[in-house]
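Each chain is listed here by its residues.
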Amino acid sequence: MSWRSETPESVTSAGEGVPARARPLRDWFGRNRTMLLALVTWVVFAAVAYTTYRITGDIRYQDILRALEETSWRDILIAGFFTVVSFVLLAGYDVNALRHLGRSPNLVQVGMVAFCAYAIGNTVGFGPLSAGAVRYRGYSRLGLSGEQVAAVIAFVTLSFGIGLTVTTALAALVAADQVAAQAGLSPLALRLLSGALLLALAVMAAFLWRQNGRLRPHMPRPVIALQQLAITAADLMVTATVLWVLLPQDLEVSWISFVIIYAIAIGLGVLSHVPAGLGVLEAVILTSLGGSTGTDALLGSLVLYRVIYHVAPLLIAVVVVAWTEALEALHSPRLEWAQRMGTLLAPSLLASLAVICGVMLIFSSVIPATDADLAWIAAYVPVQLIEAAHFLSSLIGLVLFVAARGLTQRLDGAYWLTLVAAAAAFVFTFVKALAPYEAVMLAALIGFLILSRPLFDRPASLLSQTLTPPWLAGIATIAVSAITILFFVYKDVDYSHDLWWQFEVSAEAPRGLRALLGVVILSSVIAIHSLLKPSRPETDRPEDDEVQRALAIVDAQDGSEANLVRMRDKSLIFSASGDAFLMYAVQGQSWISLFGPIGAQGSQAELIWRFIEMARANGGRPVFYQVPPALLPLCADAGLRGLKLGERALVDLETMDLQSSQWAEQRQALRKGERTGLTFEVVEPAGVAAILDELQQVSDAWLAHQDTREKGFALGRFDRSYVAEQPVAVLRAEGRIVAFATIMTTATKAEATVDLMRFARNAPSGSMDVLFCNILVEMKRQGFRSFSLGMAPLSGITASQSAPFWNHLGQSVFEHGERFYNFRGLRSFKAKYRPDWQSRYLVTPGGVSPLAALVDVTLLIGGGLRGVIRK
């Protein structure tokens, strides 16, 4: 056997029942799922943009400016007030979710995380700039486990969807006559449809609350469910009111009818996967209300709504986090949590602000400046400089958007690129035209960057990274938006080839055309570079010199299990300083790291980020297997979640006393070995070659008797060169080796462990206990402080009523899975050595099923599906 057998070896492939002809197609869709989703999102947005352009065919840009000027400050202030109320209600989602989990949330701390999550998610909403990713970072630092953060996200998402449906149906039921007239439907049919939908939801809820199946523990208490339903309904109505108060006064639609239209628009925006529902909300509102008031006024209201409800909260979040950064100088213990939380959320907020500034610069390059501003600038600035500043500002906007991804990963290269680009754009705002709003936004970005300089300490190359499909879709969305805006603003300008060569202060359309062309060309270059970048041979087996470098690092740290790098079946990446490494292998879509980074703590974050980037750049999902608790905060910073996998048993050799009553069983095992004539010896690597043939015979006989095969990745296998590199403990009977174990150690002598433990069929009864007890005694004699017994899978997983589904599944398998794997027996065997139990985790991205990742780990260890089935 392998002493460190840690994985249920009977897990079968998720695709075992799929017909052979369908598997290649299924695998292709699996590999390209992210790319396809990004492509669909872009196509949907392009269709929406075209629809919006057609709807606004009779509207002129000047009409929208006039409508914006006619909006009173009173309406803007009322919209701002309802925005504040909406974000307070949104924080209630998270508070209720935490109460559902049995937590007593600190309202200030939860409010800060929730506010930043919604400010970022509502404005950008993809990749690391999503509300879920921010919650993983924030709540993990407030003491929530990965499973609990996932439960919070699931609670918030489901309650929003259910609340949106219930609120829409109730509103339609109450105001059926008005809504039916607006939609051209029968009031009776609308009432019947709404009533049937509410009845179906009520029956489903009653069934889930009354049944005792596996979903029952995850159901919130009726009081919490009703509170959440009320919060969702109130939030939806308040958010709709933000836009309602900005709409023209002559709108011939009731408030309740508008709430339903708004709810439908929000739902379609969510389903479209377009960031912030951009364009989808506008298209639905324009289509639904275009006949009730002027389209120009509607467009002006929608622009103001985006600024008040989306951009303003993000700026406030930036100010709040900048304030927490300034708190560091006060050194107040009471404010330490705020400074720590601000440090955690700052990169995401900065990246979101960079995205907003970038989009602003691109859009402003295709929108004309006022005649007065141009006339004033022309008196002091040459036209050539105006043209250059205008063109370069559009390109800088795209640079800021791309650099935002590096900011989320705390790259120093992204930091300096963003700072320099923002500073240049700030100067250009006074050269291309007087743009005070752009200058304020860019000044805020620059100031926050300067305050946050210490956070961006990862010396990674921005140019070496590949943009993922969601970021490429984002660039394409911005380009389509800019094209749509350009054609809308200059629809009265007849196109001709001469436009490209008109360089005059008043020639706004040619200037916009050239800026747009620059953005499209640079976008194409970035996309082609990302899509056609050749794959590096990252999964090659390591060379001997790389293994020796890794072994030098292993020898200088405490984790003896890191000696599995000697198997040479895992690829290696090293930190920039060369004082840490990470070993991994690829199975299916999963890029699986064993133990996470090994070596200097200062290099661990760098390796985690690099591994995540590498996996995603190659279309894979990053997975960390058997991660210790100390690495979870770093993983949470990268937007990953940790799910408990089991517990590692660690024997304290310094306190082990075989003469005490607690170790009577082990003492008896040693005496039994002496009576039966068994002799124990630890053979150092220099002498292992002489006994390899005999060890091979014992190993082959053990494999045949157990009807199993060699494993890999997280488990050692009998490879002659691998076995010969380490000390081997042997047990002899009448001069013959009847049992052996390979020993893994490091120079720090913090711990030792064994990997392969195998015995001959004719070994005396109890030989393995004798061997193991002798190893413990010998390691203690050599000065090792502890001894690792390896991991007991699924051990120590609690499944309270509010625990996530993973915990219930893990506990159920541990309790009833003896047919497949001796979970309880392994835990009991290790427990008799009185170890300390240390948790180990499976870390995956937030949207990745842990079961899919665990299946890939199992297949990797077992040598594929055939290896798993054959044990």
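Predicted model, so just to flag it, every value in this text is computed and none were measured. (Residues numbered from 1 in each chain as written. Predicted model: local features only at pLDDT ≥ 70, side-chain atom pairs only at ≥ 80, totals over all residues. Heavy atoms only, no water.)

Colleague: Please clarify how the nonpolar core should be interpreted in this entry.
Modeller: Across soluble globular proteins, nonpolar side chains show a tendency to be buried alongside one another. If you look at the biggest cluster of nonpolar residues, it comprises 131 residues, and the most contacted ones within it are Tyr-139, Phe-258, Ile-285, Leu-289, Leu-349 and Leu-445. A total of 15 residues in this core trace back to one element, the largest contributor, which is helix H14 (residues 336-364). With residues near it in sequence (within four places) discarded, Leu-349 still touches Cys-116, Ile-120, Leu-314, Ala-317, Val-318, Val-321 and Phe-448. Counting 47 residues, the second-largest nonpolar core is a separate cluster that includes Leu-692, Leu-715, Tyr-722 and Met-744. (Core = buried A, V, L, I, M, F, W, Y, C linked by side-chain atoms within 4.5 Å. Buried < 20%, exposed > 50% of the residue type's maximum accessible area, 1.4 Å probe, protein only. Helix = DSSP H or I, 4+ residues; strand = E, 2+ residues; numbered from the N terminus. Contact = heavy atoms within 4.5 Å.)

Colleague: How should I be thinking about the pairing of strand S2 (residues 580-587) in this particular structure?
Modeller: Put simply, side chains in a regular strand alternate between the two faces of the sheet. Of all the 8 residues making up S2, 7 are buried; the element is thus mostly covered by neighbouring parts of the structure. Relative to strand S4 (residues 598-599), S2 runs antiparallel, the two sharing 2 bridges. By the bridge assignment, Ala-580 is partnered in S4 with Gly-599. Relative to strand S3 (residues 590-594), S2 runs antiparallel, the two being bridged by 4 bridges. The partner of Val-586 across the bridge, within S3, is Trp-591. Here S2 folds back onto S3 in antiparallel fashion, the turn holding 2 residues, of which Gly-588 has a positive phi close to 65°. (Pairing = 2+ DSSP bridges.)

Colleague: Please clarify how the pattern of salt bridges should be interpreted in this entry.
Modeller: Side chains that carry opposite charge are capable of pairing whenever their charged atoms lie near each other. Under the definition given, this model contains 20 salt bridges. The salt bridge partner of Lys-432 is Glu-438, with a shortest N-O separation of 3.2 Å. What makes Lys-432 buried here is its relative accessible area of 6%. Looking at Glu-438, the relative accessible area reads 10%, which means it is buried. The salt bridge involving Lys-832 is made with Glu-665; its shortest N-O contact spans 3.7 Å. Here the residue Lys-832 occupies a position in the loop between helix H30 (823-831) and strand S12 (836-845), and Glu-665 occupies one in helix H24 (residues 664-675), the gap between them amounting to 167 residues. Overall, Glu-665 belongs to the partly exposed group, its relative accessible area being 45%. Because the salt bridges share partners, they merge into one network encompassing Asp-544, Arg-566, Arg-568 and Glu-725. (Salt bridge = Lys/Arg side-chain N within 4 Å of Asp/Glu carboxyl O.)

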